[in-house]
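Listed here are the chains, written in short residue letters.
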Amino acid sequence: MTSAPALPPVIDIDRFRALREEPGVRVAEVRWALDGSKDRSTFLAGHVPGSVYIDLGADLAAPARPDAGRHPLPDPADFAAALGAAGIADGVTVLALDDTDGSQASRLVWMLRALGVDAALLDGGLDAWTAAGGELSTEDPAPDAATFTPRSWGTGVTATADEVEAVAGSEGSVVIDARASERFRGESEPVDPRAGHVPGAINVPFAGNIGADGRFRDPQALRERFESAGVDGEDEIIVYCGSGVTATHDLLALERAGFTGARLFPGSWSQWSADEGREVATGE
């Protein structure tokens, strides 16, 4: 990361509404579901006026490969081209949202923040917008093309499978699995080759970052959540999930809670479980 973003990783609706009116700010929306039931048509059915659509599968990931997982990070040039096509230029601040719990738009926010771009996730997403009286648009945006300079991901924000294997369960390091507990324990595996988890990993399901009100827990509550799971502020932290998408929800929550320097294992369980040479653990 070349510079720290000025915005916090998650913002409330009041700040979102104020910021979206400022010059140099672009609102971007992600619509995605594991079963493929959401796409651009979902966005066009109702979105924040003036926002642009970002396709998670096409814009925020490279094609799936067994050795890189279901949603590898895209080539920097491809990502830059996708942002430029959406009207996101160098120096633009991005406010992102989705129509669920933030676990899709968090991928975009994390990717941008990892590159030093000022970006934040709208807490509560589309529901927060409509609950505050915001209208929805069905217009198909046609933003002017912009130039976003490609930037490499770098080793400071990502971790490889070998790095995960080397530190999982060791003192001074913690590997977090953001998937649902039943997948972590190996009781259920709907999409990937083998069930279970990385040996030595701990389970902090991303869904627990959200309270009963549908909003992110406050920073102190999130910190207590991660600490109770075994995360120490001095630890090296690596996070994974099924394919590197919902892990970014945990990464934003960690940053909101004051933990710094956490990295994403982009290939996540989809890569790990496809490699027969990697050990798999089950249970707690």
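Everything quoted here is computed from the prediction, not taken from an experiment.

## With respect to helix 4 (residues 76–85)
Piece 1. Regarding helix 4, the residues found buried are Phe79, Ala80, Ala82, Leu83 and Gly84.
Piece 2. Each element contacted by the buried residues of helix 4 is listed here: helix 3 (56–59) and helix 5 (105–114).
Piece 3. Positive phi appears at Gly87, one or two residues downstream of helix 4, with a value of about 85°.

## Looking at the sheet that holds strand 1 (residues 10–11)
Piece 1. The strand order 1-5-4-2-3 describes an open sheet built from five strands, whose pairing is parallel. Two strands bound the open sheet, and with one partner strand each, they are strand 1 and strand 3 (52–54).
Piece 2. Pairing geometry for strand 4 (residues 93–97) and strand 5 (residues 119–122), over three bridges, is parallel. Note on strand 5: the bridge partner recorded for Ala96 is Leu121.
Piece 3. Contacts between helix 5 and the sheet are confined to strand 2 (25–30), strand 3, strand 4 and strand 5, with strand 5 contributing the most and set at about 165° to the helix.

## Quick word on the side chain of Asn203
Piece 1. Counting through the fold element by element, Asn203 comes out in strand 7 (residues 202–203).
Piece 2. Within the local environment of Asn203, its side chain forms a polar contact with the side chain of Ser181, the two groups lying 3.0 Å apart.
Piece 3. Look past the residues within four positions of Asn203 in its chain and what remains in contact with it is Asp177, Arg179, Ala180, Ser181 and Phe184.

## Quick word on the environment of Ala96
Piece 1. Relative to the helices and strands, Ala96 resides in strand 4.
Piece 2. Considering only alpha carbons, one finds Ala96 and Gly214, 118 residues apart in sequence, at a separation of 17 Å.

## A short note on the packing of helix 5 against helix 10 (residues 247–256)
Piece 1. Closest axis-to-axis distance for the helix 5/helix 10 pair is 8 Å, and the angle between their directions is 60°. Between helix 5 and helix 10, the angle is such that the two are oblique. In the packing of helix 5 onto helix 10, the handedness of the crossing is left-handed. Between helix 5 and helix 10, the contacting residues are Ser106, Arg107, Val109, Trp110 and Arg113 on the first element and Thr248, His249, Leu251, Leu252 and Glu255 on the second.
Piece 2. Split into classes, the residues belonging to the contact of helix 5 with helix 10 amount to four nonpolar, three polar and three charged.

Basis of the calculations
- Residues numbered from 1 in each chain as written.
- Predicted model: local features only at pLDDT ≥ 70, side-chain atom pairs only at ≥ 80, totals over all residues.
- Heavy atoms only, no water.
- Buried < 20%, exposed > 50% of the residue type's maximum accessible area, 1.4 Å probe, protein only.
- Helix = DSSP H or I, 4+ residues; strand = E, 2+ residues; numbered from the N terminus.
- Contact = heavy atoms within 4.5 Å.
- Pairing = 2+ DSSP bridges.
- Axes fitted to C-alpha atoms, helices over the stretch in contact; angles between N-to-C directions.
- Polar contact = N/O pair within 3.5 Å; in protein donor to acceptor, adjacent residues only side chain to side chain.
- Parallel < 35°, antiparallel > 145°, perpendicular 65-115°, else oblique.
- Left-handed = near helix turned anticlockwise from the far one by under 90°.
- Nonpolar A, V, L, I, M, F, W, Y, C, P; charged D, E, K, R; others polar.

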